[in-house]
Amino acid sequence: MKSLTRLSSWLFLFALWWSPLALAAADLEINTPAITSLKNVMQQRHGDLAGFYASGAVGLTRDGLVAVRDPAAAPLAQRQAMNSLVAAENQDRKALYREIAHANGHPEWEDEVRSTFAQRWISKAASGWWYQNASGAWTKK
Amino acid sequence: MVWCISTNSNAAILNPIWARNSRHENFRYIIRTIADVAQLVEQRIRNAKVTSSIPVIGTRSGPAVFNCRPFSLLFALTFLLCLIPSAHGQQISLSIDDIGSPSFQIRGVAASLENDRFAVSIEELTLQGQTWKNIHLSCPKIRIEHDTIACDQGVLQGKQNWPVRFSFSPNSKKLSLDLRPAEKERWHIDVHWGKHWKIVADIENGDIAYATPWLPANIPTPNAGNVSGKLRLNGSSAKLLSADAELQLASLAFSDASGLHAGEKISVKMTLRARQERKDMAWQSHVSWDQGEIYWHPLYVSGSGVQLVASGHSSPQLIELERGVLNWPTIGEINASAVWDIASRQFAAATFEGKELNLGPLHATFLLPFLEKTALAKTTAAGKVGFSGRIASGEVQELDLNLSKVSLQDKEGRFALNNVHFTLPWRARSASMADLDIGGGRVLALPIGSFKSTIHLQDKNISIPRLAIPILGGSLNIENFRASQAATGWRWEFEGGLTPISMEQLSSALHLPKMHGTLAGVVPRVHYESGKLALDGALLVKAFDGTAVLQDLVLLDVLGHAPRMQASLDMRNLDLDLLTRAFSFGNMQGRIDVTVKGLELSNWKPVTFDAAVRSSPGNYPRKISQRAVQNISALGGAGAAAAIQRSFLGFFEEFGYSRIGLSCVLRNSVCMMDGVEPAPNGYVIVKGGGIPAITVIGYNRSVSWDELIARLQRVTQGNAKPIVQ
């Protein structure tokens with residue numbers, strides 16, 4: 001019984017050590033045709049989304065996606081397009097995380113990839129953009 | 001001194017005294033008016049106090065004070081009125097802590113009259129859940145004429161100072177109020193009360209914000225705009241007998257807190273005529289939306305000449321729309337009737353109908369926003385559509401849809417359908433059949449011919465027993481198509497086949513090198529759910545006089561920007577002659593087998609596979625042209641070599657071979673190549689046999705995939721310049 005407990009503790013410590021190591025091994029810059037395509041599409045779309053980020057209408061969520069934060073900050077005629085852009089961006093972001101995890105040979109890393117990207121998007125956000133902090137509250141950068 | 005009175009039974013006795021004191025009628029008149037108001041409200045009054053600087057007859061000299069709890073204000077005021085001998089140069093004031101009723105609450109009322117100067121202030125007024133604080137009305141010169149108290153230069157003080165005129169005639173039971181909150185803004189309200197009452201409001205550029213407190217809390221709030229027009233209400237006791245309105249809303253803007261339901265710069269004209277008929281209110285209304293824009297998530301509409309004509313009856317339980325006609329200039333006319341159950345908040349019954357509507361604007365404005373995540377998300381449409389339906393108990397019971405001469409085009413050129421006719425008679429809880437007739441179209445670059453089909457519908461399940469789509473001289477047959485709506489979205493499945501189609505037409509349509517022969521196949525059960533399309537069996541295709549079997553097919557995110565495909569491919573006995581002619585490779589005769597295991601495409605480009613091309617077993621002529629030799633050599637790259645029996649090269653166009661083999665294991669964009677057998681420093685791609693024979697050796701085992709593709713393109717374009725040993 002004692003040895004079983006010891007083994008469990010050892011496995012737990014090993015898991016703690018292994019998890020970040022495993023993620024650290026993920027190549028977030030890896031390229032596949034799909035990733036290249038996604039990056040290109042997202043880059044083009046960014047031009048349309050940038051104004052909404054700057055006005056605070058759209059913000060960066062803590063789970064690596066984007067969300068409509070304050071629709072009233074966007075002109076009425078642009079709100080439909082804004083919602084479409086957000087939906088398309090989120091679809092592509094999810095696909096990007098899936099593709100990166102897949103390209104690394106570890107589809108099960110998708111959540112970790114997404115989490116790492118979430119921090120990266122927020123750290124690279126321009127001043128004045130809105131993002132969700134760790135507790136989910138909207139914060140202006 | 002303090003009087004405390006709890007009954008008004010002496011009022012009749014006091015009246016003669018009032019009649020005798022006619023000299024100072026004005027002052028008494030004011031008091032009586034307040035008393036009348038008190039009688040009007042005749043509700044719960046707490047801590048009312050009336051003070052007067054007038055000595056009261058029959059008492060000690062000094063001012064009179066009435067301070068009673070509970071209190072009949074009417075009686076107290078009437079009593080005071082009777083006792084006042086002279087009002088000149090005197091002051092009277094009234095204060096009430098609290099007046100309450102089920103419909104309103106007034107707190108901290110103070111009214112005073114000093115000579116001609118009248119003032120009233122209210123600390124807090126609560127009406128239908130809305131509260132206003134610190135309201136002051138002052139009139140520097142109050143005018144009293146017989147039955148009328150009037151003020152021509154009053155000021156209503158709230159957040160702003162508003163000039164106000166009023167005229168109050170308690171005997172005639174009339175109140176006229178004229179407010180001018182802004183330069184061009186005017187609210188004129190006439191009120192007649194009694195057994196029958198009437199309210200007439202005449203509004204010029206009235207700020208719509210004043211209406212905000214009266215609107216339901218769960219609808220978007222107006223934040224700009226003004227209203228002009230006339231409103232007339234007639235009633236008896238607490239009952240509304242008739243209502244007439246002619247109103248114009250201009251520059252209206254509204255929004256809810258989320259901003260997902262908002263409008264701007266809206267101009268609307270509306271008329272309403274309502275009359276009490278027995279227990280119901282009969283009404284007719286006409287609304288004209290002339291300009292402005294509305295975003296009602298996910299719809300965005302701008303109005304220009306949109307008209308709504310409606311008539312019906314209303315009761316406390318039901319709102320009945322007997323006839324509603326919506327005319328949308330770019331779309332057409334929609335008729336509806338409905339009964340809305342107020343308690344259950346649903347349509348007890350409704351019908352709707354639209355004929356010969358323009359599908360183009362209907363599709364762009366009202367349908368596309370709901371097709372965001374479907375294959376139709378980027379389409380344009382044209383043609384006519386008609387529909388009619390019936391709702392009962394909040395659920396659609398019948399829906400008839402009719403599309404006529406419709407065309408549908410994908411903006412990205414993936415598909416197009418022309419001359420579509422579609423008739424759908426859908427009935428809840430019973431099976432129905434829809435007829436589909438498509439005049440033609442295309443899928444990618446492939447033209448498709450006209451076809452018809454019958455679609456079976458049962459609730460939210462759709463099935464098509466058989467659908468034959470003419471394509472390139474053959475037919476794509478879809479059988480046993482079934483679609484149903486699940487919690488995760490639509491899922492569907494089908495099986496089918498492809499009757500022989502012309503490879504020449506196919507290659508021409510796809511802008512590929514000209515191919516010969518026919519293409520045919522059997523499609524096993526294909527099913528789609530949650531963005532994943534998969535094949536349950538093997539897809540069998542006949543091409544290049546051989547067979548190709550595609551199996552383990554899985555497609556993910558087909559319509560997204562990162563489609564992913566997994567499959568295995570096994571091709572047998574392909575005719576090299578047909579194949580090489582198609583791709584301008586240089587003629588080869590023989591047969592090959594191709595196996596591709598673990599094929600994985602990302603965005604339709606290969607990222608992983610284990611592929612091998614081998615000569616098929618069996619006896620058949622094996623010939624390779626000089627040009628094909630050069631091209632195969634070129635695939636090996638700069639280091640490739642062809643060991644050719646030089647003495648024959650100049651004399652023969654064709655050579656014999658015994659085996660051909662080339663394999664590629666693609667990993668990380670690098671192709672690891674091998675041949676039929678090892679050779680010194682390389683591998684044999686073509687092993688010679690017969691006379692004249694030829695052997696081609698490849699030396700590069702590791703080739704970048706992009707470079708290999710570039711070489712293939714050069715080879716098939718006829719630009720290859722191989723190194724020949």
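Residues numbered from 1 in each chain as written. Chains lettered and ligands numbered in written order. Predicted model: local features only at pLDDT ≥ 70, side-chain atom pairs only at ≥ 80, totals over all residues. Heavy atoms only, no water.

1. Details of the nonpolar core
Then comes step 1: Counting 117 residues, the largest nonpolar core has Phe 544, Ile 624 and Val 686 of chain B as the members making the most contacts within it.
Then comes step 2: In this structure Val 686 of chain B touches Ile 624, Ile 632, Tyr 657, Arg 659, Ile 660, Ile 694, Thr 695 and Val 696 of chain B, once residues within four positions along its chain are discounted.
Then comes step 3: Counting residues in hydrophobic clusters, the runner-up holds 17 residues, among them Met 42, Leu 65, Trp 109 and Phe 117 of chain A. (Core = buried A, V, L, I, M, F, W, Y, C linked by side-chain atoms within 4.5 Å. Buried < 20%, exposed > 50% of the residue type's maximum accessible area, 1.4 Å probe, protein only. Contact = heavy atoms within 4.5 Å.)

2. Here we look at the interface of chain B and chain A
Then comes step 1: Chain B puts 26 residues into the contact, and the matching count from chain A is 21 residues.
Then comes step 2: Regarding the contact of chain B and chain A, the summed buried area is about 1,900 Å², with carbon and sulfur atoms giving 55% of it.
Then comes step 3: Of all residues in chain B, Tyr 295, His 561 and Arg 564 of chain B bury the most surface against chain A, accounting for 28% of the area lost on that side.
Then comes step 4: At the boundary of chain B and chain A, one finds 1 salt bridge.
Then comes step 5: The partner of Arg 564 of chain B in a salt bridge is Glu 99 of chain A, and the shortest N-O contact between them spans 2.2 Å.
Then comes step 6: At the boundary of chain B and chain A, one finds 9 residue pairs in polar contact (both at pLDDT 80 or more).
Then comes step 7: Listed by contribution, the elements that provide at least two residues to the side of chain B that touches chain A are β16 (261-277), β17 (280-296), β18 (299-302), β36 (564-575), β38 (591-602) and β39 (605-615) of chain B. (Buried area = accessible area lost by both parts, 1.4 Å probe. Salt bridge = Lys/Arg side-chain N within 4 Å of Asp/Glu carboxyl O. Polar contact = N/O pair within 3.5 Å; in protein donor to acceptor, adjacent residues only side chain to side chain. Helix = DSSP H or I, 4+ residues; strand = E, 2+ residues; numbered from the N terminus.)

3. Some words on helix α4 (residues 359-367) of chain B
Structurally, the α-helix is built with 3.6 residues per turn, so residues lying three or four positions apart point the same way.
Then comes step 1: Listing the buried residues of α4 of chain B in full gives Leu 359, Gly 360, Leu 362 and His 363 of chain B.
Then comes step 2: Of the surrounding elements, those touching the buried residues of α4 of chain B are β22 (346-358), β23 (379-392) and β24 (395-410) of chain B.

4. A look at a nonpolar patch on the surface
Then comes step 1: A surface patch of nonpolar side chains, amounting to about 270 Å² of accessible area, comprises Val 558, Leu 559 and Trp 604 of chain B.
Then comes step 2: Within the element layout of this structure, Leu 559 of chain B appears in the loop between β35 (546-556) and β36. (Patch = residues over 30% accessible without salt bridge, like charges linked within 9 Å, V, L, I, M, F, W, Y side chains within 5 Å. Areas by Shrake-Rupley, 256 points an atom, 1.4 Å probe, with all protein chains shown as cover.)

5. A few points about the packing of helix α3 (residues 76-103) of chain A against helix α4 (residues 110-124) of chain A
All names here are of chain A.
Then comes step 1: Between α3 and α4, the shortest axis-to-axis distance is 8 Å and the interhelical angle comes to 125°. With respect to α4, the element α3 is oriented oblique. The two elements α3 and α4 cross, and the hand of that crossing is right-handed. Together, Arg 93, Lys 94, Leu 96, Tyr 97, Arg 98, Ile 100 and Ala 101 of α3 and Glu 110, Val 113, Arg 114, Phe 117 and Trp 121 of α4 make up the contact between the two elements.
Then comes step 2: Each residue belonging to the contact of α3 with α4 can be placed in one class, and the counts come to 7 nonpolar, no polar and 5 charged. (Axes fitted to C-alpha atoms, helices over the stretch in contact; angles between N-to-C directions. Parallel < 35°, antiparallel > 145°, perpendicular 65-115°, else oblique. Left-handed = near helix turned anticlockwise from the far one by under 90°. Nonpolar A, V, L, I, M, F, W, Y, C, P; charged D, E, K, R; others polar.)

6. Notes on the packing of aromatic side chains
Residue and element names in this part refer to chain A.
Then comes step 1: Applying the stated criterion across every chain, the model contains 14 aromatic pairs over all chains.
Then comes step 2: Look at Phe 117 and Trp 121: their rings are 5.7 Å apart centre to centre, the planes differ by 45°, and that puts the pair in the tilted class. Here Phe 117 pairs with Trp 121, and both are found in helix α4, just 4 residues apart, close to one helical turn.
Then comes step 3: Judged by its relative accessible area of 26%, Trp 121 falls in the partly exposed class.
Then comes step 4: Positioned over the ring face of Trp 130 is Arg 69, at 3.7 Å from the centre of the ring. (Phe/Tyr/Trp six-rings, centres within 6.5 Å; stacked < 30°, edge-to-face > 60°. Lys NZ or Arg CZ within 6 Å of the ring centre and 35° of its normal.)

7. Some thoughts on the confidence of the model for chain B
Residues and elements named next belong to chain B.
Then comes step 1: Of the residues in chain B, 83% reach a pLDDT of 70 or more, and the chain-wide mean stands at 81.
Then comes step 2: In this model residues 55-64 is a low-confidence stretch, pLDDT under 50, and it forms 20 contacts with partners more than four residues away in sequence or in other chains.
Then comes step 3: Predicted confidence for residues 77-88 stays below pLDDT 50, and this span has 41 contacts to residues more than four positions away or in other chains. (pLDDT = per-residue confidence, 0-100.)

8. What to know about α3 of chain A
Then comes step 1: Between the first and last C-alpha of α3 of chain A there are 41 Å, a value that for 28 residues agrees with the 40 Å anticipated at 1.5 Å per step.
Then comes step 2: Where α3 of chain A terminates, the next one or two residues include Gly 105 of chain A, which has phi positive at roughly 80°. (Expected span 1.5 Å × (residues − 1).)

9. A word on the pairing of strand β26 (residues 431-443) of chain B
All names here are of chain B.
Then comes step 1: Of the pairings in the sheet, the one linking strand β25 (residues 415-427) to β26 comprises 8 bridges and is antiparallel in character. The partner of Phe 422 across the bridge, within β26, is Leu 436.
Then comes step 2: In textbook terms, the turn of a hairpin is the stretch between consecutive antiparallel strands, and for β25 and β26 this stretch comprises 3 residues, one of which, Arg 429, has a positive phi near 60°.
Then comes step 3: Here β26 runs beside strand β28 (residues 451-458); their pairing, made up of 8 bridges, is antiparallel. Looking across to β28, one finds that Ala 434 is bridged to Ile 455.
Then comes step 4: Where β26 and strand β27 (residues 446-448) come together, 3 bridges link them in antiparallel fashion. Within β27, the position partnered with Arg 442 by the bridge is Pro 447. (Pairing = 2+ DSSP bridges.)

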